[in-house]
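Summary of structural features
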Amino acid sequence: MAVPGRRVPDNAPAALAETELFSVDAYCREFGATVLEVDADEGRVALRRTAFYPGGGGQPHDLGRLVWGDGSAPITRVKRDQGRIWHWLDGDHLPDPGAEVQGELDWARRHLTMRTHTALHILCGVIWADHRVAVTGGNMDPGTGRLDFPLPSMSAELGRQLEVRINEEIAAAREIAVEFVGREVADADPALIRTAANLIPREIDPLRVIDIVGLDKQADGGTHVLSTAEVGRVEVVGTESKGKGNKRVRLRVVDAG
Ligand SMILES: [Zn+2]
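Keep in mind it's a predicted model, so treat the numbers as computed, not measured.

Conventions and cut-offs
Residues numbered from 1 in each chain as written. Predicted model: local features only at pLDDT ≥ 70, side-chain atom pairs only at ≥ 80, totals over all residues. Heavy atoms only, no water. Donors = N, O, S within 2.8 Å, 3.2 Å for Na, K, Ca; no water. Helix = DSSP H or I, 4+ residues; strand = E, 2+ residues; numbered from the N terminus. Buried < 20%, exposed > 50% of the residue type's maximum accessible area, 1.4 Å probe, protein only. Pairing = 2+ DSSP bridges. Axes fitted to C-alpha atoms, helices over the stretch in contact; angles between N-to-C directions. Contact = heavy atoms within 4.5 Å.

**Observations concerning the coordination of the zinc ion**
Binding of the zinc ion to the protein goes through His117 (NE2), His121 (NE2) and Asp220 (OD), at separations of 1.9 to 2.1 Å. Every donor residue of the zinc ion comes from the same chain, spaced as H-x3-H-x98-D. Of the two residues, His117 and His121 both sit in helix H2 (residues 107-131), 4 residues apart, roughly one turn of that helix. For the pair His117 and His121, a shared accessibility class is recorded, and that class is buried.

**Quick word on the sheet that holds strand E12 (residues 233-241)**
Read from one edge of the open sheet, 4 strands run E7-E8-E13-E12, paired in antiparallel fashion. Looking along the sheet, the strands with just one partner apiece sit at the ends: strand E7 (137-141) and E12. If you compare each strand with its neighbour and ignore which way they point, the axes differ by 15° on average. With 5 bridges connecting them, E7 and strand E8 (residues 144-149) associate as antiparallel partners. Considered in E8, the bridge of Asn139 is made with Arg146. Those strands touched by H2 are E7, E8, E12 and strand E13 (247-254), and its axis lies near 25° from that of E8. Of the strands in this sheet, E12 and E13 touch helix H3 (residues 156-171), which is tilted by about 150° from E12.

Have a look at this one:
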């Protein structure tokens, strides 16, 4: 089905597309998989493929549920450990290695996280467009997030201006694409250079790039919505000076209307 952003992106490495489903389709919320490995001591399982985001880049890991032939359990934690994505299950009952399982994301939480992550990229794009400085750090929870910028000053008035600008970009309903870009191309792209993609280790090739078309482009492993309109509405809920040349913006994502 030709929904923009939902097709498997061009140039997606096949091994990634087949195993880390979140990297090519952020809207995959249920999936079938085979249990690859069981770590009973830790109460965790690795699956042949997964749609559960393992955390990273400031985006928290997903929560949800694993269901199998004679059992089911909440997934309380997901983390990448030595190249493998592990799912921690609540309770003593674990599926056997080789078992067929069904993964179900806590979709309300994940979708709110996607809206939040995209809102933070919009903030990056707006700050770059208006102030020509790049983000230096940040974090997010479902529905709230913060980013730091090397701005000379910060004020409640600037916070209000940023809120207006972010919501203008939401109203513009910009398309958001997941792309896999070869290093030679990525390292020559001014938009990616300004977001420091060229500092990512060379062996990572291609780079996964989130392109809010016409506003912001950055190398990113996280999950995003398809259009800025899907973010809803953003409120800037705090502005702080964390020292000379480090200003923090806090935002919250709320439903439009
Ligand atoms: Zn990001």
